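Tertiary structure, described
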Amino acid sequence: MRVLVSGGAGYIGSHTVVQLVAAGHDVVIVDSFANSKPAVIGRLEALTGRHLPVHAFDLTDRDKTERLFADEAFDAVIHFAGLKAVGESAQIPLEYYENNLDSTFSLVRAMRRHGVNLLVFSSSATVYGEHAPLPYREDYAPLQSSSPYGRTKVMIEHVLSDVAAADPQMRVALLRYFNPVGAHASGTIGEDPQGIPNNLMPFIAQVAVGRRDKLTVFGDDYPTADGTCERDYIHVEDLAAGHVAALNKLASTQEPVSIWNLGTGQGTSVMEMLHAFERAVGRELPYDVGPRRAGDQPQSWADPAKANAELGWQTCKTIDDMCADTWRWQSANPTGYEG
């Protein structure tokens, strides 16, 4: 298939591009480079051995989005593009609603006009909200979130479900994934967050490489095995494979909307992840314990049984794999793609 990957220069998008090409698909990237670096494209071409067409614009521009679909033929779209920082979304909520919703509206309108009927959407476990029982299952309702970012995911899921219900040709996959970490085994592409990392793994990696003085663990008095929060960390390569599997499934299913959790089904605590990273680095890393962070849930992990059964997909990478690959990327690129 010829696949348009929105946000294809981003962290998850770039790893998915590599696996799409390896699976025999032709890939076209559209990315505004608001949260990614143009330097990733050359690395992707080196990894894939292919020239990758890139369109540098924001999908909120309806005219440019329409022109792209008018000029080129696509069989499917994987939609990663969007603003994604939970904390920032609370500070600038309007920008998050405008960007994430408008880009999706623009994209889906162009798809429908030009007969592109397969869409894989990058959703999030944040749609389960604060009250869903563990492990999170796809049939839980009602969807909710405590952040503007998460609420955009909830809204988009509803929009895409309504569009697919109204158009018998549309096939939509909603992929709810948990905590992506790790990097490509080559160490040439990985996570390169702007500013201070919001997530645990890149923060630990920056401490290990000397960009940060120490890790702050937000609370050690949660009702968990070691008192620190537990999350379902999934290797970005496993996550990318889930997107390829979902795309293949969409091409053969009669279901208008398919929802799959992409996770390991296991929780790993902050301290367990820190110690795993120390094993990868070969030394202890400095940390201290601070107060709990507002909005953090004690535990969060997926029930991946539906994706395992329906996609023939399951995670393969361990926590030690995640840490070793992250360290290979970060140590080779201490300041990210600009290094």
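Residues numbered from 1 in each chain as written. Predicted model: local features only at pLDDT ≥ 70, side-chain atom pairs only at ≥ 80, totals over all residues. Heavy atoms only, no water.

The name given to the chain in an unreviewed UniProt entry is UDP-glucose 4-epimerase, and the organism recorded there is Nostocoides veronense. As its UniProt record puts it under Catalytic activity (unreviewed entry), the chain is described as follows: "UDP-alpha-D-glucose = UDP-alpha-D-galactose". According to the UniProt record, the Sequence similarities (unreviewed entry) comment for the chain reads "Belongs to the NAD(P)-dependent epimerase/dehydratase family." (UniProt positions renumbered as here; feature names shortened; annotations may be inferred.)

Before going further, it helps to spend a moment on the pattern of salt bridges. Applying the stated criterion to the full structure yields 15 salt bridges. Note that Glu338 is salt-bridged to Lys37, the shortest N-O span being 3.8 Å. Of this pair, Glu338 sits in the segment after α11 (319-332) while Lys37 is found in the loop between β2 (26-30) and α2 (39-48), placing the two residues 301 residues apart along the sequence. A residue is classified by how much of its surface remains accessible, and Lys37, at 16% relative accessible area, is buried. One network of salt bridges, with partners in common, ties together Lys37, Asp192 and Glu338. (Salt bridge = Lys/Arg side-chain N within 4 Å of Asp/Glu carboxyl O. Helix = DSSP H or I, 4+ residues; strand = E, 2+ residues; numbered from the N terminus. Buried < 20%, exposed > 50% of the residue type's maximum accessible area, 1.4 Å probe, protein only.)

Before going further, it helps to examine unusual backbone geometry. The linkage connecting Leu134 with the following residue, Pro135, adopts the cis geometry, with an omega of -10°. Locating Pro135 in the fold gives a position in the loop between β5 (118-124) and α6 (148-166). In this chain, Ala141 is followed by Pro142 through a cis amide linkage whose omega measures 0°. Looking at the secondary structure, you find Pro142 in the loop between β5 and α6.

This part covers the UniProt feature "domain: NAD-dependent epimerase/dehydratase" (unreviewed entry) in the chain. Per the UniProt record, "domain: NAD-dependent epimerase/dehydratase" (unreviewed entry) is annotated on residues 3-263. Taken end to end, residues 3-263 has its terminal C-alpha atoms 24 Å apart, with 39% of it in helix and 18% in strand.

As for its placement among the helices and strands, His184 is situated in the loop between β7 (179-181) and α7 (200-208). Reaching out from His184, the side chain makes a polar contact with the side chain of Ser186 at a distance of 2.8 Å. Other than its neighbours up to four places away in sequence, His184 contacts His15, Val18, Leu47, Ile189 and Glu237. (Polar contact = N/O pair within 3.5 Å; in protein donor to acceptor, adjacent residues only side chain to side chain. Contact = heavy atoms within 4.5 Å.)

On to the packing of aromatic side chains. Inspection of the entire model under this criterion finds six aromatic pairs. An angle of 75° between the planes, with centres 6.1 Å apart, marks the rings of Phe277 and Trp327 as edge-to-face. Of the two residues, Phe277 sits in helix α9 (residues 270-281) while Trp327 sits in helix α11, which places them 50 residues apart along the sequence. Since its relative accessible area comes to 18%, Trp327 is described here as buried. Look at Trp329 and Tyr337: their rings are 4.9 Å apart centre to centre, the planes differ by 50°, and that puts the pair in the tilted class. Taken individually, Trp329 and Tyr337 each receive the classification buried, so the pair is uniform in this respect. Here a set of aromatic residues connected by ring pairs shows up, and it is made of Tyr128, Tyr136, Tyr140 and Phe178. (Phe/Tyr/Trp six-rings, centres within 6.5 Å; stacked < 30°, edge-to-face > 60°.)

Let us look at the sheet that holds strand β12 (residues 268-269). Strand pairing in a sheet relies on backbone hydrogen bonds. The paired strands run either parallel or antiparallel. Taken together, three strands build an open sheet; the order of strands is β12-β9-β14 and the sheet is mixed. Each of the sheet's edge strands pairs with one partner strand only, and the pair in question is β12 and β14 (299-300). Here strand β9 (residues 230-231) runs beside β14; their pairing, made up of two bridges, is parallel. Across the sheet, the residue bridging to Arg231 is Ser300, located in β14. (Pairing = 2+ DSSP bridges.)

Before going further, it helps to spend a moment on the side chain of Glu72. Considering the arrangement of structural elements, one finds Glu72 in the loop between α3 (62-71) and β4 (76-79). A polar contact of 3.0 Å, which involves the side chain of Glu72, links it to the side chain of Arg2. A polar side-chain atom of Glu72 sits 2.7 Å from a polar atom in the side chain of His55. With residues up to four places along the chain from it excluded, the contact list for Glu72 reads Arg2, Val28 and His55.

Ranked by internal contacts, the top residues of the largest apolar core, which has 41 residues, are Leu20, Val27, Leu44, Leu175 and Leu262. A total of seven residues in this core trace back to one element, the largest contributor, which is helix α8 (residues 236-250). (Core = buried A, V, L, I, M, F, W, Y, C linked by side-chain atoms within 4.5 Å.)

Moving on to the sheet that holds β4. Across the sheet, which stays open at both edges, the seven strands sit in the order β3-β2-β1-β4-β5-β6-β11 with parallel pairing between neighbours. Both edges of this open sheet fall to β3 (54-55) and β11 (257-262), since each of them pairs with a single strand only. Pairing geometry for strand β1 (residues 2-6) and β2, over five bridges, is parallel. Across the sheet, Arg2 pairs through a bridge with Asp26, a residue of β2.

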